[in-house]
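Here is how the chains run, residue by residue.
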Amino acid sequence: MRLLKISALVIPMMISASCSKDFIERPSLSGTTTGNYYNNASEVRAATSTLYSGLPWRNYESRAQDAIGDVMSGNMFTYTDVEYLNFSLSSASERVGAAWGAFYKIIGYANVMIKTFEEKKAAGGGADYLDPAIAECHFIRGTLYFYIARTWGDAPIITDPGATALSGNFNIPRYYQKDVLRFALEELQMAEANLPESDEPGRLTKYSAKGMMAKLYLYNKDYANAKTKAQEVINSGKYSLVSDYNGMFTKASMNNNVESLFSIQHQFAVDPWGTGNIKNPDRGASNLRTAEADAWEMYMPSLDLLNEYEFGDLRRKWSVMEHGWTNPNWKPQRANQPKYNEFMANGYKYDTIQPVDDGGAKNAVRANIAKYFAGPGKTYGSESVLGQNSGNNVVLLRYADILLIYAEATLAGAASTTDASALQALNAVRARAGLPARTSVTADNIFHERRVEFAFEGDFWYDIQRQGYAKAKAIIEKQNRGSIEGGANYITTFTEDRMYLPIPAGEIIQDPELAKPAVPYYK
Amino acid sequence: QQRTITGKVTDDRGEGLPGVSIVAKGANQGTATNADGNYSITVPNTATSLIFSFVGMTPKEITIGNQTKIDVKMTSEDQTLEEVVVVGYGTSKRADISSSITSVKAKDLKDMPVAGVDQMLQGKAAGVTVTSNSGQPGGGVSIKVRGVTSINSNDPLFVIDGVPFVNGNTSDNRGFDGLGGSNGQTGNSVMAMLNPNDIESIDVLKDASAQAIYGSQAANGVILITTKKGKQGEGKINYEMYYGVSEVANKLDLMDLRQFAQYQNEVLPIIGNPVSDEFKDLSVLGKGTDWQEAMFRHGNVQNHQLSFSGGKDKTSYYLSLNYYDNTGILLGSDFKRFSTRFSLDNQLKSWAKVGVSANATRSIQNVSLADAAESTIWWGAVTSPLTPVKNLDGTWGGGQMIGGVRYSNANLVGNSQFRGNTKTTNNVFGSLYAEFQILKDLSLRNELSYSLGQDNNIAFQKTGNVGGDTFRSKLIDSRSDSYYYSLTNYLNYNKYINKHGFQATVGHQAQSSYYQSISGTKVDLQANIFDLNTGSADQTTWGLSGGKGHWAMESYFARANYTYDDRYSVSASFRADGSSNFGPNNRWGYFPGVSVGWTVSNEKFMKEKLSSTYLKVRFGYGAVGNQNFPGGAPNPAYVGAVQFFSGPVGFGTSNMINGIPNPNLKWESVKTTNAGIDLGLFNGRIDATIDVYKKVTSDMIIFLTGPNLIGVGDQWDDLKAPLGNAGQMTNTGIDIGITSTNIKTNDLTWKTNLVFTKFKNTYDKAASAASALDGKVYYNNYLITHTTPGRPVGSFWGLVTDGLYRTQADLDNSLPQFGYIVDPTQTYLGDVRFKDINGDGKIDANDMTFIGSPLPDFTYGLTNNVNYKNFDFTLFIQGSQGAKAFNFLRWQLEGLNSAWSNQMTTVLDRYTDDNPNGSLPRFTNTNKNNTAMSDRYVEDASYLRIQNITLGYRVPRKVLNKIKGANFRIYGSIQNLKTFTKYSGYDPEIGAFNNSIKLMNVDAGHYPNPRTFTVGANVEF
Amino acid sequence: TEDTDGRPQIGPGNPKSSGIKPDSAAGGTVLTLKGTGLGDMRSIVFEKNNVPAGFQPTLNTDEAIIFRVPEDASGGDQNIIFTNSAGAKLSVPFKVLAFPSVASVSNYNFTKDSEITIDGNNLDDVISVTLTGTTEQATIVSKTKKQLVVKMPASAVNSATLDIVNSTGLFKTTQEFVNLDKALKIFTEGYGEGFADGSWGDAGAISSAQFKSGTKSVGKNYQKGNWHLINFTNWYPSVPYSADYKYLSVWIKGASEDYSLYITTDASKAGFGNYVDSNKLNVKAGVWNYFKVRLADIDFWSAGKTLAQVGFRIQGPDKQDEVFYFDDVILVK
C-alpha cells in the first residue's frame, strides 16, 4: 500500500523533471531566421524582390499616386478627392497619410535588408550576391527619398529603424529638402556603382539608377549631369520606345518591356493583398463593370487635359476613352440587362448618347481613363481581372522619360534649342504618338510633351512643382478643373504653402519635432 | 441488527418536501421522502447518522443516537458566510479567505437567456466590468477584472473544472475582406461554446494574492468555473427550456424621402449639380424606403436543456444535453449551439478517488458584417430612401439613375441574399484526475487537462445581380485546429491542532499548445455550390495560405495558509513560470503573493458588545506576470525571423524580414495591493464586502512603434517593430458588494443585491516621452485614440470645437485651420471653429488634445429578488457612468459632405445663410476640417439599463405529486427592456473593437444589444 | 409590429385622378399625378404605341405618383394608363410634345434632286421640309421616327437651313446646306472649269470607288516622308478675285491615322506650298470629314490676286504612304 502511494507521487514528478530543460524551448515552426537564411543568391534576391511588389507600394500606387500626381496637377477630375482638385487638402487628408505611410514602410524594409545583408557580408557571406542586393536596397531608398523630398519638401530621414524603435526616442526632425535630395542622390550613386549591367527583366540595373539620377538632377536644375546620365542610358542601347503604348499599362504580357527602367511588380493573383494591381476600378468606366471586373470611375480625365492633346496625337486614344472609342475584343455582359448586352455584343463602345442604363457613358467630363484599366474580365474578352486585381505592373520610370529629360537638360533653361540630339530625343517620343517632328524645341514644348506622355501616371504634379511657385501658380490658375455640367472651375487661391503636402497630423502627434523648422542633415 | 427510523422533512416554510434523498452514512441504505415529506428507512445498528439532501437545499447530516423519529427542516443554500469558495488548486471556507474573491452561484444566474457565460457576469460581480463588444449572436465580450491591466490582452484566465483556456476570450471571424470591404468586428466570445446551464458556480480571483498561484496567466484576473456534478441519492432528471423574441431596442432618426429631397434640393447647387425634377414638389413625396426597417428584424431565441444526475454508493454522475438557437435582430446573423457534458467521480478506495469530465460543443454562427464601412448597419444608415428595395420588375434596387445622378449601388437586403460568413466551431475539453490520500493530512492530486478545438470559417458570395452590382461567386474556406494540454501534480497538506490550522500546497505544472490553420479561395463556383472543388480551374484565381505556431510553459508553485482560532489567518504563495515566449536569458518569471485576515467579530470584546455583527479585515499583496504578445507578433520574438508569402509577391517567390528581434524581452509585471473588509449586520441580514486596491503594470510588452516615418509597424505586412518592455499603467479602484435581506417571513422574502465597481486607469509611462498608444480606424491616417502619460488608456484625442464661424467678424478674426484661408472652398461661414490649444496662432496637429476617456467612472448592478408564496420576481438593473464614446457612425451621418448619402434629420438644422444659428456646420465637400477628429463626435455614453425582469411561478406540491414531479416552475422574462442614455447611437454599450484596448467605445456601426422577451419552464423529476 | 423589408407599406386602392401636371410635355419631363387610391402602381403606359414609362416605387404614394415621359413616347394627345397591383386601371389624358429634332445629316451640299438623309427624332409625322426663307420644298422620300429622307429642290439660294414641320411644330436645323449649283466648283464629279491636277509627287486620280456626293471623288497618294500636296491648278483662265466668295467647303476622307492637312494657294499672302496655322484642317482617320471654312479666317485669297492653285499639303507622313480622298471642293458665296 505505501509503495503504491509513493510510486504515484514519484512517477509524475520524474516524467516532468526529465524534460524541463527542453520543454519550454519552442523555436519558430518554420525554423527560418536571419541567422540561418540569406546564404545564397536566390534567398537574397527573394528578399529584395519584395521591395518591388505591390505589397508595400499599394497604399501609394492606388489612389495616392493619382490624387497627388494627377488630380493636383489638373490632369484628373474626381468627385472623391475634391480637396486635391481644389488645393483644400489638410494634414488629415486621406491620401497624404497613405503615401507617407507607404514610402516610409518601404524604406523600413530596405533599411533592415541593408543592415542584415551587411552583417551577412561581415560574417563571410558572398559579396557577389550580397552587393547587388544591397545596391537594390539603396536604389529603393534613394528613389523613395526623392519622392518624399518632392512631395513634402523638408522631411525626416531614417536609416536604422530598429535602433530608433528600441531607443524610444521619436524626436526626429525634418531635414532640409536639399539635404534629403542629396541623401537620395548619394543612395542612387551607390546603387549605380553596384547594380549589374543587366539582369532579368524588371530587376534594377545600373541604367535604372542612372535614369533616376537623371530625373533627380533635372529636378535640381543640374542640367549638365542630367544630360550626362540620360545620355548614358540612351547610349546603352538597352531601351527603346514600345509601339504598343496602351499595352504597356493594360497587358500583363508587356510587363518589364524594353521601355521600362523601374516598375512596381504585379501578378494576377488574389493573395496576398497587393499582389494584383488594384488601380483598375478607380479608372474604369462604370459601364465596364461586370461580375469579374469592378469599375467605379473614381478618377476621370480633366477637361483641361483633354484640351491639351494635339490633333492627331495617338496618345489620346491610348490613354482616354471618349465618344467613339471602341475595343472590339471586349464584350462585357451583365445579368438581367438585355439592352446593355445587345449594345455591347459586338464589342465595347464608349457612347455618350446611349442611355446610361443601356450601356451608355455619361459622366462629369464625358470621358474615362484607359491607362491601367485592363478590361471587363477574361470571360468578356479582355485581360484577366478579378474584382480589383489585374496583373499589370505600375511603371515608375520608362525610356520616354529619359528621352524627355535629355531634351530638357540639353535645353538647359534656354528659351529654345535646335540641338540635333535634343530634337532627336523629343521627336522619337512624338513619332510614336504619330505627330510631326519639331525643328526646334522650347521649354513649353517639353512641358506639354510630358503632360500628355505621362498623363495618369502620377508624375505631372512634380513637373508643375519644379517650375517654381510663380510659374506653378500661373499654370494652375489657367487650368479649367471643372466639369461639363458643373461648369468651369478655376483655382484662384493657390498659395505657396500648397507647393508641398502637409505632414500627416498623426505623425506630428507622435513626433512633435516634425512641426518645427527643418535642420541640416549634412554639417 | 436493524432498526427503522421515521420522520418528516420540511422546507423553511414548514411544508413537506417530497423527494428528499436520505442516506445512512456508512451503510448502503437509502430512501426518499414521499409526497407528504414523510420517510421511513431501515438501517443497521452500526449506522451513526443520516444524510438528507435535496437540490437547492443545504444537505444535512443528523446523528441518529437513540432516536427512532427524526424530523428535519432543510434550508436554501444562501448563507454566504458559511459557503465554500473555490480557490486555485483547492477549495476553502470563505471565512478563512484573506484575499479578494467574488462568487456567483448558479441560482443567481438562471433565467438569463444569454449565449455565453461571460455575459452572465455582467453586473453580478464587483470588480468585474463586462461589456458586450457586439450584439451579434455569439458576439464578443470584453471582460476586465479591476481595470485595464495590459496593452495587449485584458482577458482574464478562464479555468473550467481545472482546464485553463489560455488563448483568450476572443476568436476571429474573418472573410468579409475577401469579398470586398473590410472585416469589421471579428471578435466572438470563446465562452459561447460553454453551456451556461451546466454551471454550478463562478468564482473570480481579483487580486494578485489570490491570483499568484496561477502566475503569469493570471495577470488579468482568474475566473474559475465549476460545473455541475452528480450527488449521492436518487437520480434526477431535469428539463429546462425557454423561448424568446428579440427586437432592436432603439432606432436612429434618419431622414425620410421628403426630408432627403429637401436636403438634396439645398445642397446639390452647392456642388454645381442640377437638382432632380422629381424632388421639386415635396408635398407629393412619401417616406420612401426605410432601410432601418429593412436591416433590422425580429430575432428569436430558444434553449433546451436535458440533464441526468445522481449517485449511488461510491459513484456519482452527471450528463447533460443542450440545444441553443438564436436568430439575430440584424439581417444575416444567427447562432446555433449543440453541447453535451459528462462527468463521473468514483471513490476507488478509501484513500483513492478518480474522476473524469468531458465537454463537447458544436456551434454554428452566421455573421453579419458590423462595425465597419461596408457593413450592414453602415449601409442601412447611409442608403438613400429614394432607392427601392426591389424594382418594379422584381430585380434588386440600387444604382438608380435619377435626374442624371446615379445613386448608391448598395442594397443591404439584396446583398444579404448573396453574401454570408459562417463559422463552425467544434470543441472537446475536459480533465482526468486522481487523488490519493497518502496520510491522514497529506494528499496527492494528479490532473491531466485537455482541450481540442476545430474551427471552420466560410465566407461566400453567390453569382448574381444586386442593384448595379454584379457579384461573382467566391468561396473563402478557412480551417484551423488546435490542442492544449496541461499536466499538473500537487500535494495538499491540511492539519488542524486545537485552534491552529495549517494548510500547504506544493506543485508542478507543464503546459503546451499548438495550432495550425489553412485557407483556400476559389471563384466562379459551379451552380453556386460552396465547395472548393467547384471553383474555377484557372489557377491564377486561386488562393491558398496557412500558418502554425506553438507555445509551452513549465511552472512550479507553492502555497501555505495558517489560521488561528477562527480569528487570524495568513496565506502566502509563490509561483515560477518559464515560457517559450522569451529568450534564454529571460525565460523565467517569479511571482509571490501574501495575504492576511483578521476576524474582528470573533474577538471577545466584539462578541460581548455586538454579537449580531460580523467583521473581518483583509490585506493582500501579490505579483503576477504577463507573457501575452500583441497580435501579429513574430513567434518567438527574440530572434530575427523570415516571413514567406502564400502567393506571388514581387517577381514571384519572395520573402521579407519579419521583424527586428529583441533578445532582452522579458515578462510583463503586474503588482497588486488589496485591502478589504467583510461585514455582516443584524445576524447576517445585511452582508457587505468592500475592497480597495491598487494594481500597477510595468514592463509592458508592446511593439515599440512610433510614427510611421520610422518604417516599422504592427500590421501583417509591416516590418514588425521590435517587441519591448516599456511603460507603466496603474489601476486604482474600489469594489463593493452588498446583500440585504429586507423581508423574511414564511410567505414573503425580499432580497436586494448591489454591486459597485469603480476604477481609475492611468497610463503612467510610455516607451518614451514622445511615444504613446494610438488607435486608428477606417484608414490609417484617422487617428482617434492617443494615450499620453497621465491619461487613461484609449483616450480620445482630437481637436476641441469652439462653435461655428457665423459672422464675417468671426471669419476676419479666424486663425488658419490646417493651412486654410478664408475662401468658400476652405474656411467659411458655417464651418467649425477649433480652439488654439497651444496658443501659437494657428490650428494644426499640435492643437489636438485629450477629449474624453472610454473608461467609465463606475459601473453598477442592482438586483431585487422577491419570493411570495409560489411566485418569484426579479428586477435587475445595471449601468455605466462617465464613459465617453466616439460615434463614428455619426461622423458619417452628420458629415455633411456628400449630397447622395442619407443623413440624420439633425442636418436639417445645419448652418445656412437662412439659418445662421444652426446647430451643425454647413454642407461642404471641400473643407475637410469639418470632419476632422474632434469632440464633435465624442459623446457621453453613460447609461442605465433595465437588464432583466423575471416573473416565475412554482407549481404547488399537491399538483406535483400527481405527476410524479419533484419541481416545476414556469417564468417570463424581459432582457434589455429599456436603456436610459443621452447617447445618440443605437446602443451606448459599445465595448472594444476586436477587443483592443486602444479602440474602446468606438461606434463604427456597432451591432446593438437586442431587447428580448422570453418564456421558459424548468421541470425536475 | 411585423417585420418588413423597408418598402413603403402602401397597398393598392381604387385609383382616381385629381389632375396631372404638366398636362403636356416632351420626353424626359417629370410628371406628377395626384389623386386618391394611387398606391402600389405596377405599370404606367403611354397609350399611343403602348410605350411604357419606368418609375421608382419609392416615388409612389396613395395620393401621388412621380414619373417621366419616356424619351420614345409618341407625340400627340393620348391617355396614360396606370395599373396597380390589384389590376385596377386609371386613364389620364395627356399630350406628348414631340418637336422634330435633327442630330446629323448625310450631306451638307445639295443640287436639284439630290437626296439627303436626316437622322434625329420625331420625324415620322413630318409634314413639310422647306428651304428657310424660301417657298421651295424638298420632296419627302421616306420618314420614320428617327430618319427622314428628302429630295432637294432646285433653288436660287446660295445656302440655307431647313425648316422641318411636324404635327407639334416647326424646327429649324442648325445645319446649313450649300447649293452646289451656285458654288464655284473646283472638284465635284470631276474638275471644275479650268481646273486640273497639278499635284506634287503622285498625281491626283479620280476615283469611282470612294465618294461623298455623286459618284466620284479625287484621291491622292501622299508618299511617305515627302511632304507632298494635292494641287487643283487653274493656270488659264485662273479665277479672278471676287469678294463675294465667303467660304471654302470640302469633304475629305481621312487616311489610316489622324493627320493635319494645310490649305495653300498661290493667291495667299504666304504663297503657295506654305504651312499656315490658321489654314490647318484636322482630318480624322478613315471617315469623311466635312469642312466649311470662312475665307476671312484663313490666308486664302489676297485682294486683287487671281487664284491659280489650291492645294492641301501634308507634313509627313512619316510612317507609310497615306491616301486621302477629296469631294465637293467648292467656293461658296
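Use the structure listed above.
Our subject in this report is the structure included herewith. Predicted model only: the values in this text are computed from it and were never measured. (Residues numbered from 1 in each chain as written. Chains lettered and ligands numbered in written order. Predicted model: local features only at pLDDT ≥ 70, side-chain atom pairs only at ≥ 80, totals over all residues. Heavy atoms only, no water.)

Attention now moves to the overall build of chain C. When its secondary structure is counted, chain C shows zero helices and 29 strands. C-alpha extents for chain C along the principal axes are approximately 90 × 50 × 35 Å. Taking the contacts inside chain C whose residues are at least 6 apart along the sequence as the reference set, 66% of them involve residues at least 24 apart. Total accessible area on chain C is roughly 14300 Å²; 49% of this is exposed by carbon and sulfur atoms. Distance between charge centres in chain C, computed from 32 positive and 36 negative side chains, equals 3 Å. (Helix = DSSP H or I, 4+ residues; strand = E, 2+ residues; numbered from the N terminus. Contact = heavy atoms within 4.5 Å. Areas by Shrake-Rupley, 256 points an atom, 1.4 Å probe, with all protein chains shown as cover. Lys, Arg positive; Asp, Glu negative; His and termini not counted. Charge placed at Lys NZ, Arg CZ, Asp CG, Glu CD.)

Turning next to the packing of aromatic side chains. This structure, assessed with the given rule, holds 81 aromatic pairs over all chains. When the ring of Phe447 of chain A is compared with that of Phe460 of chain A, the centres are 5.1 Å apart and the planes differ by 45 degrees; the resulting orientation is tilted. Within this pair, whereas Phe447 of chain A is found in helix α20 (residues 443-453), its partner Phe460 of chain A is found in helix α21 (residues 460-465), the two being separated by 13 residues in sequence. Relative to Phe886 of chain B, the ring of Phe796 of chain B has its centre 6.4 Å away and its plane inclined at 40 degrees; by these criteria the two rings are tilted. A residue pair is termed long-range when its members are at least 10 positions apart, and Phe796 of chain B in strand β44 (residues 796-798) and Phe886 of chain B in strand β50 (residues 884-887) qualify at 90 residues. Looking at Phe796 of chain B, the relative accessible area reads 0%, which means it is buried. By relative accessible area, which is 0% here, Phe886 of chain B ends up buried. Lying over the aromatic face of Trp396 of chain B, Lys390 of chain B brings its terminal NZ or CZ to 4.7 Å of the ring centre. (Phe/Tyr/Trp six-rings, centres within 6.5 Å; stacked < 30°, edge-to-face > 60°. Buried < 20%, exposed > 50% of the residue type's maximum accessible area, 1.4 Å probe, protein only. Lys NZ or Arg CZ within 6 Å of the ring centre and 35° of its normal.)

We now examine empty space enclosed by the protein. Residues and elements named next belong to chain B. The full count for this structure, using the stated rule, is 11 cavities of 30 Å³ or more. Quantified by volume, the second largest cavity comes out at close to 350 Å³. Together, 31 residues line the second largest cavity, and Thr129, Thr131, Pro856, Thr859 and Ser880 are the ones closest to its centre. Breaking the lining of the second largest cavity down by element, the ones donating at least two residues are β11 (128-132), β12 (141-145), β41 (748-765), β48 (858-868) and β49 (871-881). (1 Å grid on protein atoms, 1.4 Å probe; cavity = no way out; pocket = protein on both sides within 12 Å on 5 of 7 lines; lining within 4 Å. Points joined across faces, edges and corners; volume = space filled by probe spheres on them.)

Moving on, we get to the packing of helix α4 (residues 54-61) of chain A against helix α5 (residues 64-71) of chain A. Describing two packed helices takes the angle between their axes plus the distance from one axis to the other. All names here are of chain A. Interhelical geometry of α4 versus α5 gives an angle of 45 degrees and a closest axis separation of 5 Å. Comparing the axis directions of α4 and α5 gives the class oblique. Residues Asn59, Tyr60 and Glu61 of α4 form the contact with α5, whose participating residues are Ala64, Gln65 and Asp66. Among the residues forming the contact of α4 with α5, the class breakdown is two nonpolar, two polar and two charged. (Axes fitted to C-alpha atoms, helices over the stretch in contact; angles between N-to-C directions. Parallel < 35°, antiparallel > 145°, perpendicular 65-115°, else oblique. Nonpolar A, V, L, I, M, F, W, Y, C, P; charged D, E, K, R; others polar.)

Next up on the list: the interface of chain A and chain B. Listed as interface residues are 109 residues of chain A and, on the opposing side, 109 residues of chain B. Summed over both sides, the interface of chain A with chain B buries roughly 9000 Å², with 61% coming from carbon and sulfur. Summed over the shared surface of chain A and chain B, the number is seven salt bridges. A salt bridge links Glu83 of chain A to Lys928 of chain B, with the nearest nitrogen and oxygen atoms 3.4 Å apart. At the junction of chain A and chain B, the tally comes to 23 residue pairs in polar contact (both at pLDDT 80 or more). Elements with a minimum of two residues in the side of chain A that touches chain B: α1 (2-18), α2 (20-23), α3 (41-49), α4, α6 (82-85), α7 (94-122), α9 (161-167) and α23 (505-510) of chain A. (Buried area = accessible area lost by both parts, 1.4 Å probe. Salt bridge = Lys/Arg side-chain N within 4 Å of Asp/Glu carboxyl O. Polar contact = N/O pair within 3.5 Å; in protein donor to acceptor, adjacent residues only side chain to side chain.)

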